[in-house]
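Coordinates in review
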Amino acid sequence: MLMSRKEFIKKTGKGALSAGALTFAGCADSDSIKTSPGGFGLAYKSKRLELKHAWTIARNTSQYKENVFVRLEKDGVFGLGEAAHNVRYGESLESTIETIKLAEPVLKTCNPWHFVDIHLKIKVLCKGQTAAKAALDMAILDWIGKKLGIPLYQFWGLDKQKAPQTTFSIGIDTPEIIRKKIQEAEPYPLLKIKMGKENDKEILETVRSVTDKTLRVDANEGWKDKEMAIRKVEWLAENGVDLVEQPMPAEMLEETAWVRERASIPIIADEAVKSAGDIPVLAQAYDGINIKIDKAGGLQESLRMIWMARSLNMKIMLGCMVASSLSITAAAHLSPAIDYPDLDGHLLISNDPFQGAKVKEGWLVLPDKPGIGVEGEF
Ligand code: MG
C-alpha cells in the first residue's frame, strides 16, 4: 500500500524529509573522496618486454615489444597505465609518447573525479593513437579505484567469480616450435591458434597431433576470398574449433556477411572494430566482437563497447596486445562481463615488471587490491 508523504514523515520521524537530510547507511562520506585543487603529476617511460618466443601472426614477426608506462600522481596516490602501440592502427613508440605529451596540460589541470570529461578531452587532442589514450584512462581509473579503496571490477558492479576461462595463444611457427608451445600451454584448457598464412593445414595437423583441446582460430584478415574463407571455417569447425576471428580483411564486410551466413561457428570481428560506434554496422556480418583496451582507447570505451555489443545480442571476446600484467590485469577487471577472454599477452613475455591477475587452470583470478591492483614498478 502506498503511503502519503505526510504518513511517511509521521512513520519515519518528523524532519527526516523536511530537513532534506535523508542519509544512507554505509555510504562513503563525500569528504573521504575529496582532493586538493589541481591535476595530476605525470611520469612516463618506455620499456622493452622480451618475448619468450618470436611472435608471428599473418601480418608480421616480432622478438620484443616496447610499451610505454605512465604514472599519474595526486594527493600521495598514484595510478598506473600501459600503452601497447600497434602498427596496424598507425601507432609507433614515438607517436605514443607524443600523444602522452600532448595530453599533459589536460592532466595537469583536471579534476580526476571528472574522468569522463578527461577521457573526452584527451580523445579529441589527436586522431587515433588509442594505445596512448588507453594508458592514461587506465591510470586515471587506477587512481580512482585506489582513492575509493575498491578494485575496478567492484567499481563497475561486476562479480569477479564470473570471470571466464581464458585462451592461451599459439603464434604461427614451425611444427617443432608449435608442439613446444602447446606443451608449455599445458595448464590452459583453451588454445587460440594464429592462422591466415599459406600453412594453415600444417598448423592444424601439428596442433591436433599433440592435443584435443578446444581451439579458437584467429586468421588476422588472412583469407582474401569468401569461398576459400567458408571452406576454411567449416574445415576448422569439423576439427574442434569453436569460433573464428577476423577471417577476412576488415574492409570486406559484405563478403564476411556471406561467410557468416554459411558458417556453423561464430565469426568474431577484431581488426574491423575499434570503438562502440563501429559495432552496429558490424552486427550484419559478425556474431561478436573482440575488444582490446589499447584499440578502444581505454577502459571507459571498452565498457561502452561491452554494453553496445550486448544490446545487439553479440558475443564478446576481450583480447590484448603483447603487454605486461598491468595492462592485462586492467582488462581482466572487465572479464566478468564478457564471453571469451583472451588475456595472455603477459604470459608471452619473460620480464614482466608487474604481478596482477593470475590464471589458474585457465580461470582468470582477479586481484582484490584497490584500483587495477597490480604490484611492481617500471
Ligand atoms: Mg585478433
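Residues numbered from 1 in each chain as written. Predicted model: local features only at pLDDT ≥ 70, side-chain atom pairs only at ≥ 80, totals over all residues. Heavy atoms only, no water.

Note that Gln-129 resides in the loop between helix H3 (115-123) and helix H4 (130-148). Beyond its immediate chain neighbours, meaning those up to four positions away, Gln-129 contacts Gly-90, Glu-91, Ser-95, Thr-96 and Thr-99. (Helix = DSSP H or I, 4+ residues; strand = E, 2+ residues; numbered from the N terminus. Contact = heavy atoms within 4.5 Å.)

Bringing the packing of helix H2 (residues 93-109) against H4 into the picture now. In the contact formed by H2 and H4, the axes pass within 9 Å of each other and the chain directions differ by 45°. Taken as axis vectors, H2 and H4 run oblique relative to one another. Of H4, the residues touching H2 (which contributes Thr-96, Thr-99, Ile-100, Ala-103 and Leu-107) are Ala-132, Lys-133, Leu-136 and Ile-140. Residue composition of the contact of H2 with H4, by class: six nonpolar, two polar and one charged. (Axes fitted to C-alpha atoms, helices over the stretch in contact; angles between N-to-C directions. Parallel < 35°, antiparallel > 145°, perpendicular 65-115°, else oblique. Nonpolar A, V, L, I, M, F, W, Y, C, P; charged D, E, K, R; others polar.)

Before going further, it helps to spend a moment on unusual backbone geometry. In this model, Glu-221 sits at a positive phi of 70°, which is unusual for a non-glycine residue. Structurally, Glu-221 is set in the loop between strand S6 (214-218) and helix H8 (226-238). For Gln-246, which is not glycine, the phi torsion reads 35° and is therefore positive. Mapped onto the elements, Gln-246 comes out in the loop between strand S7 (241-245) and helix H9 (253-262).

As summarised here, the arrangement of the eight strands in space is S4-S5-S6-S7-S8-S9-S10-S11, forming an open sheet in which the pairing is parallel. Of all the strands in the sheet, just strand S4 (168-170) and strand S11 (340-341) have a single pairing partner and so form its edges. In the sheet, S4 pairs with strand S5 (residues 190-194) via three bridges, with the strands oriented parallel. Its bridge partner being in S5, Ile-170 is matched across the sheet by Ile-193. Docked against the sheet, H8 engages S6, S7 and strand S8 (267-269), running at close to 150° with respect to S7. (Pairing = 2+ DSSP bridges.)

Here we come to the pairing of strand S9 (residues 288-291). A two-sided burial pattern is seen for S9, the buried positions comprising Gly-288 and Asn-290 on one face and Ile-289 and Ile-291 on the other. Here S8 runs beside S9; their pairing, made up of two bridges, is parallel. For Ala-269, the partnering residue across the bridge sits in S9 and is Ile-289. Two elements, S9 and strand S10 (residues 315-318), share four bridges in a ladder whose sense is parallel. Paired with Asn-290 across the strands is Met-317, a residue of S10. (Buried < 20%, exposed > 50% of the residue type's maximum accessible area, 1.4 Å probe, protein only.)

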